[in-house]
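Chain by chain, the residues run as shown.
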Amino acid sequence: MEAKININDSGNTELLPSKKEESSRKLLWVDISHFSELWQFLICSLVVFIFFIPYGYLQEAIFAIKGFKPFGWYLTLVQFFNYSIFGLIESQFNNTQRRIPLVLYLLLGLILLGSMGFSNASLGYLNYPTQVIFKCCKLIPVMIGGILVQQKVYKAIDIVAASCMCAGLILFTLADNKVSPDFNLIGIILISSALFCDALIGNFQEKMMKKHSASNAEIVLYSYFVGFVYLLFILLISGQLRDGTEFCIQNPVTYVYIFLFSLSGFFGVQAVLALIRTCGALVAVTVTTCRKAVTIVISFLLFSKPFTFQYVWAGLLIVLGIYLNVLGKTNQFDSKMIFMNSNKVFGNLRKRRKSPMIV
């Protein structure tokens, strides 16, 4: 039977382990609760940018190495291995005990493998900005999954937001097809598959964490290790393990890039979780979306690639969709209230026109 704990209760603190964790508000295992709310937000946001901007740069730099593009799945294998090691170290440091059954981790590891594996593999066929643009549009598969699986009914603003994102994605893809000589439809299929897995991961992780009260360290350790075992078996059979290892041994700087890529990603995830605990998921989504926008700009500045202004218009449509999505989640978008306010404004304007002008 699942026990429900009221975290606002000031009674027995032994029954409230999450209360202490919530009040401490740690960022990368450093207590920041003595700062004001504003400074906590600024510090967490800064750390998100510090780690995830190098993450995006290193990911593109890895695929910029001549001959590496076919080894996106091998990159995922090494990344999962590094994440497992980092998660093991964190679990040993925090004395983390497994609470979620291994059977559920078999499913989570498979979904996680699809999310990160398809995402990495897509860079062998797409420009990095196109991949990031697709990753910004998680709302679309989430809404589709919610309608098909949970029979959810979404608000009009969510539908408009998803429509803007779809239009922006179509324009961005057409622009990429027009100016990029290496454009391949396989890349779109791969990144779309990654988005589908992303839509499943969030709901699945949230359900497991709530039901079993699992820690972030446990989720990271077991899910990435299971994904690593899956992918190791697949690459052994396909022969890509040998090919990828030989390539990286011949180009040892690749392993250095992958390690730094994995390290920045692991710390970036910890910073995002701290931001969620401090300011909520809505603020965290806004900050990470801004980070992705900065990453796209840096990509165009540091890596040579064709450019067209159609990228700008498509990007603005997607930004509008993200903004509407955020606005809808704040429950501030109320059409009735807007209609009433509009009538009030126009009523005041009519009164002013009828009243004599005072000089």
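The rules we used
- Residues numbered from 1 in each chain as written.
- Predicted model: local features only at pLDDT ≥ 70, side-chain atom pairs only at ≥ 80, totals over all residues.
- Heavy atoms only, no water.
- Helix = DSSP H or I, 4+ residues; strand = E, 2+ residues; numbered from the N terminus.
- Buried < 20%, exposed > 50% of the residue type's maximum accessible area, 1.4 Å probe, protein only.
- Areas by Shrake-Rupley, 256 points an atom, 1.4 Å probe, with all protein chains shown as cover.
- Arc of directions from axis to C-beta.
- Contact = heavy atoms within 4.5 Å.
- Axes fitted to C-alpha atoms, helices over the stretch in contact; angles between N-to-C directions.
- Parallel < 35°, antiparallel > 145°, perpendicular 65-115°, else oblique.
- Left-handed = near helix turned anticlockwise from the far one by under 90°.
- Nonpolar A, V, L, I, M, F, W, Y, C, P; charged D, E, K, R; others polar.
- Patch = residues over 30% accessible without salt bridge, like charges linked within 9 Å, V, L, I, M, F, W, Y side chains within 5 Å.
- Salt bridge = Lys/Arg side-chain N within 4 Å of Asp/Glu carboxyl O.
- pLDDT = per-residue confidence, 0-100.
- Phe/Tyr/Trp six-rings, centres within 6.5 Å; stacked < 30°, edge-to-face > 60°.
- Polar contact = N/O pair within 3.5 Å; in protein donor to acceptor, adjacent residues only side chain to side chain.

Describing the overall build of the protein
Thought 1: What the protein contains, in helices and strands, is 14 helices and 2 strands.
Thought 2: With 359 residues in all, the protein has 43% of them scored as buried.
Thought 3: For the protein, the accessible surface area stands at approximately 20500 Å², while carbon and sulfur atoms represent 67% of it.

Some words on helix α10 (residues 240–250)
Thought 1: All of the buried residues along α10 are Leu241, Gly244, Phe247 and Cys248. The arc that holds the buried residues of α10, viewed along the axis, is 135 degrees, so those residues lie on one side. Of the exposed residues in α10, the ones pointing more than 90 degrees away from its buried face are Arg242, Ile249 and Gln250.

Digging into helix α5 (residues 128–135)
Thought 1: By the criterion of burial, α5 is predominantly enclosed, with 8 of the 8 residues buried.
Thought 2: Within the span of α5, buried status applies to Tyr128, Pro129, Thr130, Gln131, Val132, Ile133, Phe134 and Lys135.

Structural notes on the side chain of Ser223
Thought 1: Tracing the backbone through its elements, the reader meets Ser223 in helix α9 (residues 216–238).
Thought 2: Assessed through its relative accessible area of 1%, Ser223 is described here as buried.
Thought 3: Beyond its immediate sequence surroundings of up to four residues, Ser223 is in contact with Tyr105, Leu108, Gly109, Leu112 and Glu218.

Details of the packing of helix α3 (residues 72–94) against helix α4 (residues 102–122)
Thought 1: The contact between α3 and α4 brings their axes to 8 Å, and the two run at 135 degrees. Considering the angle they form, α3 stands oblique to α4. The handedness of the crossing between α3 and α4 comes out as right-handed. Contacts between α3 and α4 involve Gly72, Trp73, Leu75, Thr76, Gln79, Phe80 and Tyr83 on the former and, on the latter, Leu112, Leu113, Met116, Gly117, Phe118, Asn120 and Ala121.
Thought 2: In the contact of α3 with α4, the residues fall into 9 nonpolar, 5 polar and no charged.

With respect to a nonpolar patch on the surface
Thought 1: Together, Phe35, Leu38, Trp39 and Leu42 give the surface a local cluster of nonpolar side chains, amounting to about 410 Å² of exposed area.
Thought 2: Of the residues examined, Leu42 reaches a relative accessible area of 39% and is grouped as partly exposed.

Observations concerning the packing of α3 against α10
Thought 1: Contact geometry of α3 with α10 gives a least axis separation of 9 Å together with a crossing angle of 80 degrees. The angle between the axes of α3 and α10 places the two elements in the roughly perpendicular class. Residues Trp73, Tyr74 and Leu77 of α3 form the contact with α10, whose own contacting residues are Gln240, Leu241, Gly244, Thr245 and Cys248.

Let's talk about the confidence of the model for the protein
Thought 1: Mean pLDDT for the protein: 76, with 74% of residues reaching 70 or above.
Thought 2: Between the elements of the protein, mean pLDDT differs from a low of 43, seen in helix α1 (residues 17–24), to a high of 94, seen in α10.
Thought 3: With pLDDT under 50 throughout, residues 1–23 is counted as low confidence; its partners more than four residues away or in other chains account for 14 contacts.
Thought 4: Within the model, pLDDT remains below 50 along residues 355–359, and this stretch shows 0 contacts once partners closer than five positions in the same chain are excluded.

Looking at the packing of aromatic side chains
Thought 1: Counted by the stated rule, this structure contains 17 aromatic pairs.
Thought 2: When the ring of Phe63 is compared with that of Phe68, the centres are 5.4 Å apart and the planes differ by 80 degrees; the resulting orientation is edge-to-face.
Thought 3: With a centroid separation of 6.1 Å and an interplanar angle of 70 degrees, the aromatic rings of Phe86 and Phe259 are classed as edge-to-face. Within this pair, whereas Phe86 is found in helix α3, its partner Phe259 is found in helix α11 (residues 253–279), the two being separated by 173 residues in sequence.
Thought 4: A residue is classified by how much of its surface remains accessible, and Phe86, at 12% relative accessible area, is buried.
Thought 5: Through pairs of rings, three or more aromatic residues link up here, namely Phe51, Phe80, Tyr83, Phe86, Tyr224, Phe259, Phe266 and Phe267.

Description of the side chain of Ser122
Thought 1: In this structure, Ser122 sits in helix α4.
Thought 2: Within the structure, the side chain of Ser122 is placed 2.6 Å from the backbone oxygen of Ser119, a separation counted as a polar contact.
Thought 3: When sequence neighbours within four positions are dropped, the list of residues in contact with Ser122 reads Gln131, Gly187, Leu190 and Ile191.

Section: the environment of Gly87
Thought 1: Its location among the elements puts Gly87 in helix α3.
Thought 2: Look at Gly87 and you get buried, because its relative accessible area is 0%.
Thought 3: Along the sequence, Gly87 and Val220 sit 133 residues apart, while their C-alpha atoms lie 5.7 Å from each other.
Thought 4: Aside from chain neighbours lying at most four places away, what touches Gly87 is Val220, Leu221 and Phe266.

Regarding the environment of Glu37
Thought 1: Tracing the backbone shows Glu37 in helix α2 (residues 37–64).
Thought 2: The spacing of Glu37 and Cys279 is 242 residues in sequence and 8.0 Å in space, taken between C-alpha atoms.

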